[in-house]
Number of protein chains: 2
Amino acid sequence: MKLAQNINLAVDGIIFGYEDQSLFVLLIKQKYGSQKGKWALPGGFVLDNEKLIDAVKREVREETGVKVQYLEQLYTFGDNIDRDPRFRVVSVAYFGTVNPKHMILNPTTDALEAKWYAIDTIPKLAFDHSDIIKVALERLRSKLNYQPIGFNLLDSKFPFSDLEQLYMTILDQKIDRRNFRKKVLSLGFVEETDEFRKSGSGRPGKLFRFNSKKYKELEKKGINLDIKFA
Amino acid sequence: MKLAQNINLAVDGIIFGYEDQSLFVLLIKQKYGSQKGKWALPGGFVLDNEKLIDAVKREVREETGVKVQYLEQLYTFGDNIDRDPRFRVVSVAYFGTVNPKHMILNPTTDALEAKWYAIDTIPKLAFDHSDIIKVALERLRSKLNYQPIGFNLLDSKFPFSDLEQLYMTILDQKIDRRNFRKKVLSLGFVEETDEFRKSGSGRPGKLFRFNSKKYKELEKKGINLDIKFA
DNA sequence: CTTCAAATGCGTAAGTTTTACACAAATATA
DNA sequence: TATATTTGTGTAAAACTTACGCATTTGAAG
């Protein structure tokens, strides 16, 4: 049974990736619909018996081949009433992160093509997707300061300089290397391994690892991160 | 035109009020539906051409008589697939604040009765509304620390002790009166008036006022509040 | 093999913010 | 006039942030 309500529920996924000191967003070229051929966020309509987050996972998987690691609800965009001329669409946006290394893009179903776009090279997108990305980027930036959300974007073992570069890139600001290391290590959930960086010039740095179990313990105790830098 | 999608879109409003050192939530007793007679959050289905936030304002107004001041999107609850046995309901929850003083409750349409419940006396609610309130309360608490969200709950002019009590009540912790005043005044958007508290014992305190224009200026400059206390 | 540039690891002093508390001033009431 | 209550202001200690200096380890160049 259905009310006489002419609204369709969709989901969109804003999936961030990081590589070579740049932040990327996963986009698809639309195969069907009123905005055929335009680039857009992966997403689509929710199935009747499907949880919202599962709908996002499914759509991203179908349209890009990417299996998302971290995913959380961002915002529900429902006021763009003319988004589709045929009916109103309300879309629940989720934002997520993925380590794009070795992640093979494999567009199917509704997508002609899938591609990682560096955030400063994103073309004009379909619907209100440019605005949605802006909101997602703000959320990513603010979350970086109080949740260990950046680690999903790196390899599981990483030199400290990578983590530092990630923060500088996403926050778009300089960070003092030495103070950053001190601060992050003092938080207690980033631990050193006995491995070292293999390639590159200069003294090879130790590799570190994010200990999520430790983090959850600390989180439970109510310890706050407050990772801020100058 | 409508897809073959059996999902109905609703909104819920979590409206907080503060009075006499207690935090309240606005609830209604349901008149119709599968959970008739149970207490619930005000809310209802979205009209086809209605913005989500307007739907919340309308439903809260209709069901309780309350005209909400501050309102922002909280979260979209869509996984409780069995909420209504007749069809699936996805609900976009908004949380808001209101100064309940002189606010007359006037339930109509879907509500038998409307009432402010102190948050520690809330009965078992319909649907997943108890969970929704929990999420809203968390958001209110965390927002209090970095946005001037508490002022909507007070009169426009207030003694400092009221603001301090509000923070202590909502955050459920002791705050040092002197450090709190210093910190808040240093932020620069709470200004003193030349009026004084009228009643009560002890030395009458100056009344203060939230200057939202000043706050917006400071916000634009990127100044952060970080109102934390011991 | 020595020198150099680049990246890393560690430390410390100065500056800023937070925390903990003490006491004087203004009012109502007894 | 004395007392309880609430308000207004200050200040020292502790904690945290910021700004750097310098020695160490590596690969590459001479």
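If you're wondering where the values come from, they're calculated on a predicted model, not measured in any experiment. (Residues numbered from 1 in each chain as written. Chains lettered and ligands numbered in written order. Predicted model: local features only at pLDDT ≥ 70, side-chain atom pairs only at ≥ 80, totals over all residues. Heavy atoms only, no water.)

(A) Seen up close, the interface of chain A and chain B. Listed by partner, the interface residues are 31 residues for chain A and 31 residues for chain B. In total, chain A and chain B occlude about 2900 Å² of area from one another, counting both sides; carbon and sulfur atoms represent 49% of this. Inspection of the chain A/chain B interface yields 0 salt bridges. Put simply, chain A and chain B have 15 residue pairs in polar contact (both at pLDDT 80 or more) between them. Among the elements of the structure, β1 (7-19), β5 (70-77) and β6 (88-98) of chain A are those that each provide at least two residues to the side of chain A that touches chain B. (Contact = heavy atoms within 4.5 Å. Buried area = accessible area lost by both parts, 1.4 Å probe. Salt bridge = Lys/Arg side-chain N within 4 Å of Asp/Glu carboxyl O. Polar contact = N/O pair within 3.5 Å; in protein donor to acceptor, adjacent residues only side chain to side chain. Helix = DSSP H or I, 4+ residues; strand = E, 2+ residues; numbered from the N terminus.)

(B) Geometry of the packing of helix α2 (residues 129-144) of chain B against helix α3 (residues 160-171) of chain B. Residues and elements named next belong to chain B. In the contact formed by α2 and α3, the axes pass within 10 Å of each other and the chain directions differ by 140 degrees. On the basis of the axis angle, α2 is oblique to α3. The element α2 and its partner α3 pack so that their crossing is left-handed. Taken together, the residues of α3 that come into contact with α2 (itself represented by L140, R141 and L144) are Y167, I170 and L171. In the contact of α2 with α3, the residues fall into 5 nonpolar, no polar and 1 charged. (Axes fitted to C-alpha atoms, helices over the stretch in contact; angles between N-to-C directions. Parallel < 35°, antiparallel > 145°, perpendicular 65-115°, else oblique. Left-handed = near helix turned anticlockwise from the far one by under 90°. Nonpolar A, V, L, I, M, F, W, Y, C, P; charged D, E, K, R; others polar.)

(C) Structural detail: the relation of the copies chain A and chain B. When chain A is fitted onto chain B, the two copies agree to an RMSD of 0.0 Å after a turn of 180 degrees and an axial shift of 0.0 Å. Between the two chains, the operation in question is that of a two-fold axis. Looking at the interface residues of chain A, 100% of them are also at the interface in chain B, so both copies use one shared face. (Least-squares fit on C-alpha atoms with pLDDT ≥ 70 in both.)

(D) Looking closely at the side chain of T76 of chain A. As for its placement among the helices and strands, T76 of chain A is situated in strand β5. At 2.4 Å, the side chain of T76 of chain A forms a polar contact with the side chain of T76 of chain B. When neighbours within four sequence positions are excluded, T76 of chain A is seen to be in contact with V90, S91 and V92 of chain A together with L52, Q73, T76 and V92 of chain B.

(E) Representation of the environment of I175 of chain A. Assignment of secondary structure puts I175 of chain A in the loop between α3 (160-171) and α4 (177-187). On a C-alpha basis, the gap between I175 of chain A and Q165 of chain A in space is 8.6 Å, while along the polypeptide they are 10 residues apart.

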